[in-house]
Amino acid sequence: MLQILAVFYFVSNSPDVTTPLRAPLGKAPVQSGPAGNGGLHKPEGSPNKDKVKTDYVASQFPMAMTPTDPGWDDLAGIKDGPRMNATFVTLARNSDVWEIAKSIRQVEDRFNRRYNYDWVFLNDKPFDDQFKTITSSLVSGKTHYGLIPEEHWSFPEWIDQDKAAKVRQDMKERKIIYGDSISYRHMCRFESGFFFRQELMLNYEYYWRVEPSVELFCDIHYDPFRVMHENKKKYSFVLSLYEYYETIPTLWDSVKKFIKNHPEHVAAGNSMNFLSDDGGDTYNKCHFVSPPNLPHSPPPY
């Protein structure tokens, strides 16, 4: 399901496709964090409370996009200029705390220490005090902790459990990556259709997904959220790999069926040639969901 949504969006490039449903299918309880870091996002509690704006003149706040641009080497202190209504978001378990601490340190050192964006953490189990204490001490913005509702992290009621178990066993025997993993399937389903419906996420227009154990090998000299806003971009990704086709045997048939049934969502000048080498008849296995992802979501107002 994750790949279906991602692939179809890239093919269509349609604003309608990227508009999330604003009525959650169940509210995620919000956990409080140390020193009041939990709860719904309140602008007065964020270091960027007075900087979030969209009605600014970009030329008055130039960004250094290349090494020859003025200010490229100016990496000290808090960066001047507007901020977007944006957050980092991480799906993690309590046991991931030290791996996510490494990721936070990387992101803060390479970028966020100069921009102070918030960070949302989501888990299908309540976060413990150790996780909240460690993560909140590392993030320069505000931290928020959400509990994923069970209906967002489970099998839908219409799934044939016996058939699903047989498929997992078959994939395990064929040594297909994540073939017998139930938690991986829950994660893919959540990331494809539910993470942006979480109560905490409804407060933000842009989000940058960060996973445990990521590394950034160079400084980020400009604000990617601003780049997306100013250039009207909807989705950003790092690189493209070849998909494990055995994990998605019915993907492209589902995409083609959706396109046939909903031509109104297919925009002219779309990126079909990026995903197919024969005009859409077959899928070329181009896989582009590698984190960090920077999706854009219209504000909930």
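Going by the structure above, here's the rest.
Residues numbered from 1 in each chain as written. Predicted model: local features only at pLDDT ≥ 70, side-chain atom pairs only at ≥ 80, totals over all residues. Heavy atoms only, no water.

1. Points about the pattern of salt bridges
Cut-off, in case you're wondering: A pair is scored as a salt bridge if a Lys or Arg side-chain nitrogen falls within 4 Å of a carboxyl oxygen belonging to Asp or Glu. Per the convention used, a helix needs a DSSP run of H or I reaching at least four residues, while a strand needs a run of E reaching at least two, with both numbered from the N terminus.
Per the counting criterion, the structure on display carries 8 salt bridges. Salt-bridge contacts for R105 lead to D109; the nearest nitrogen and oxygen are separated by 3.1 Å. Pair noted here: R105 and D109 are both in helix α2 (residues 97-110), with a separation of 4 residues, about one helical turn.

2. Thoughts on a nonpolar patch on the surface
Stated precisely, the cut-off is as follows: Without a salt bridge and with relative accessible area above 30%, a residue can belong to a patch; like charges are then joined within 9 Å and nonpolar side chains (Val, Leu, Ile, Met, Phe, Trp, Tyr) within 5 Å. Note on areas: these come from Shrake-Rupley sampling with a 1.4 Å probe, and a residue is covered only by the protein chains present in the view. We call a residue buried when its accessible area falls under 20% of the maximum for its residue type, exposed when it is over 50%, and partly exposed in between, using a 1.4 Å probe and counting protein chains only.
Taken together, the side chains of I177, Y178 and Y244 define a hydrophobic patch exposed on the protein surface, amounting to about 320 Å² of accessible area. Here Y178 is to be found in the loop between α4 (161-173) and α5 (182-193). Classification of Y178 by relative accessible area gives partly exposed; the value is 45%.

3. Side note on the pairing of strand β5 (residues 206-209)
Heads up, the rule is: A strand pair is defined by DSSP finding two or more bridges across the two strands.
Because side chains alternate across β5, one face comprises the buried residues Y206 and W208, and the other comprises Y207 and R209, equally buried. For strand β2 (residues 86-91) and β5, the ladder comprises 4 bridges, and the chain directions are parallel. Looking at β5, one finds that V89 is bridged to R209.

4. A few points about helix α7 (residues 251-261)
Our working definition: The reported arc concerns the directions from the helix axis to the C-beta atoms and nothing else.
Taken together, the buried positions of α7 are L251, W252, V255 and I259. For α7, the angular spread of the buried residues around the axis is 90 degrees, confining them to a single face. With respect to the buried face of α7, the exposed residues turned more than 90 degrees away are D253, K257 and K260.

5. Re the nonpolar core
For the record, the criterion: We define a nonpolar core as any set of buried Ala, Val, Leu, Ile, Met, Phe, Trp, Tyr and Cys residues linked to one another through side-chain atoms lying within 4.5 Å. Whether two residues are in contact is decided by their heavy atoms, any of which lying within 4.5 Å being enough.
Membership of the largest hydrophobic core comes to 27 residues, with the highest contact counts inside it found for F88, Y117, W119, F121 and F131. Breaking this core down by element, the ones donating at least two residues are β2, α2, β3 (118-123), α3 (129-138), β5 and α6 (224-230). Broken down by element, the residue count for this core peaks at 5 residues, all from α2. Contacts of Y117, omitting those with residues within four sequence positions, involve N48, R83, M84, A86, F88, F111, N112, V139, G141, D223 and F225. Among the nonpolar cores identified, the runner-up in size contains 15 residues, and V89, L122, C188 and Y204 belong to it.

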